[in-house]
Structure formats: structure tokens, C-alpha cells
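# Understanding the architecture of this molecule
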Amino acid sequence: MSNLITVKDKQFKPYISSEIILKEVKRLAQEICNDLARQNPLFVVVLNGSFMFAADLLREITIPCEISFVKVASYHGTSSTGSVTELIGLTEEIGGRTVVIVEDIVDTGVTLEKLLGVLEKKNVKQIKIASALLKPDAYKKDIPVNYVGLKIPNDFVVGYGLDYDGQGRNLKDIYVLA
Ligand code: 5GP
């Protein structure tokens, strides 16, 4: 099939076009503007995967806001502390603020749960979560994902910021393993 693409050693087929993604992203931006007007929300963009979603989403945000880019680093502490999660890059004072986490995809929710664990210690006013994609069949956490672009089955996808072994993030459409 000519519309298959190869990323590294695997073949992927077209799954969600950029037009459909952008339509949903605009809808999310509108919802966020309606909900969070006058709150000067701080968008916390979780790199690397969210860069493309964040750029599209934030261009459609028309209320006053601020944007910060973070990376989540997990490392194993001593056996008594278990795995420790650190947020790299968050220099803003976030106490008392409305924070919107911007994620590429929520799969099992483990990453999101760790991120929330870190942010909740900082006395924020409220935390909202925006994710371009959600896999409802894999997501078993109670944390509500407030703004979801598209719900997808439990398949591995690339493109629109998401990579396969470092490649494919630049693709403007989303592809699924063929
Ligand atoms: P979770 O902690 O929710 O299980 O996984 C979240 C992370 O796993 C995402 O931020 C992303 O990096 C990665 N991930 C989950 N599903 C996919 C997928 O279908 N494709 C790609 N490329 N990464 C995924």
C-alpha cells in the first residue's frame, strides 16, 4: 500500500488526519477559554511529545495566560523512597494558580499521576489536564482528564509529536502500527 510509511524498522498506516486533529484542538481551546477566562492560567507543557499539540492549542487560546515547558524525570531513590519524580524546568511560582497540564497522550495514566503528585505539593489553586489523545481502555486512574482531543483504542501511534524510538514526532498526521 502506497500510503504506508516506515519509521525506523516498522510500518505505520494513516490514522487521524491533521485536519481532524486541528478541529478537535480548536474545540478544546474554546472550552478552555470559556472555563478559565480571568484566571490567567499557567499552561505547563510536558515535553517532548506535547510540543506540536501545545503550539496548535495555545495559538487558539485567546485569554490572558502564561506558558511553561517542563520535562518529567523519574529516577529510583533508595529502596525506602521508591521511584522519585522530578519536574525539570518549572521556574514559575505556581502557588494559588490555575495550572493546565498539556500532555500528548494519556495511556495508563502513570506519568500523569506522578506529575500531579509533584504539582499538588505546591499549593496550586486548581489543576486541569488537557491531552491531545486518551486511550480509555488503558486508562484506569480516577484523575479526570478535563480536555481530551481524541479518544483512541489501545494501539501504538506516532506523529503529531509522538515518537517511535525517537523518530516520527515531526509528522503532522497521526499514524498507527500497520
Ligand atoms: P502513561 O504513563 O499514561 O502510560 O504513558 C504516557 C506516555 O507514554 C506518553 O507521554 C507517551 O510518551 C507514551 N505513550 C503512550 N502511548 C503511546 C503511543 O501510542 N505512542 C507513542 N509514541 N507514545 C505513547
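Anything mentioned here points back to the structure above.
The structure contained in this document is the topic of the report that follows. (Residues numbered from 1 in each chain as written. Predicted model: local features only at pLDDT ≥ 70, side-chain atom pairs only at ≥ 80, totals over all residues. Heavy atoms only, no water.)

### Structural notes on helix α1 (residues 18-36)
Rules: Strands are runs of DSSP state E lasting at least two residues, helices are runs of H or I lasting at least four, and both sets are numbered from the N terminus onward. By this rule the span expected of a helix is its residue count minus one, scaled by 1.5 Å. We call a residue buried when its accessible area falls under 20% of the maximum for its residue type, exposed when it is over 50%, and partly exposed in between, using a 1.4 Å probe and counting protein chains only.
With 19 residues, α1 extends 26 Å between its outermost C-alpha atoms, agreeing within 8% with the 27 Å of an ideal straight helix rising 1.5 Å per residue. Here α1 has its buried residues at Ser18, Ile21, Glu24, Val25, Leu28, Ala29, Ile32, Cys33 and Leu36. The positive-phi residue at the C-terminal boundary of α1 is Arg38, with phi of around 70°.

### As for the sheet that holds strand β8 (residues 147-151)
Working definition: the strands of a sheet are paired by backbone hydrogen bonds and lie parallel or antiparallel to each other. Note the following rule: By this definition, two strands are paired if DSSP reports at least two bridges between them. Lines fitted to the C-alpha atoms define the axes, with helices restricted to the stretch that makes contact. Angles between their N-to-C directions range from 0 to 180 degrees. Residue contacts follow a heavy-atom distance rule, with two residues in contact if any of their heavy atoms lie within 4.5 Å.
Strand order in the open sheet formed by 6 strands is β5-β4-β3-β6-β7-β8, with mixed pairing between adjacent strands. Each edge of the sheet is formed by a strand with only one pairing partner; in this case those strands are β5 (83-88) and β8. Adjacent strand axes in the sheet meet at a mean angle of 25° when their direction is disregarded. Pairing of strand β3 (residues 42-46) with strand β6 (residues 98-106) involves 4 bridges; the strand directions are parallel. By the bridge assignment, Phe43 is partnered in β6 with Val100. Its contacts with the sheet put helix α2 (residues 51-59) on β3, β4 (66-76), β6 and β7 (126-134), and the angle it makes with β6 is roughly 135°. Where helix α3 (residues 110-120) meets the sheet, its contacts fall on β3, β4, β5, β6 and β7, and the angle it forms with β6 comes to roughly 165°.

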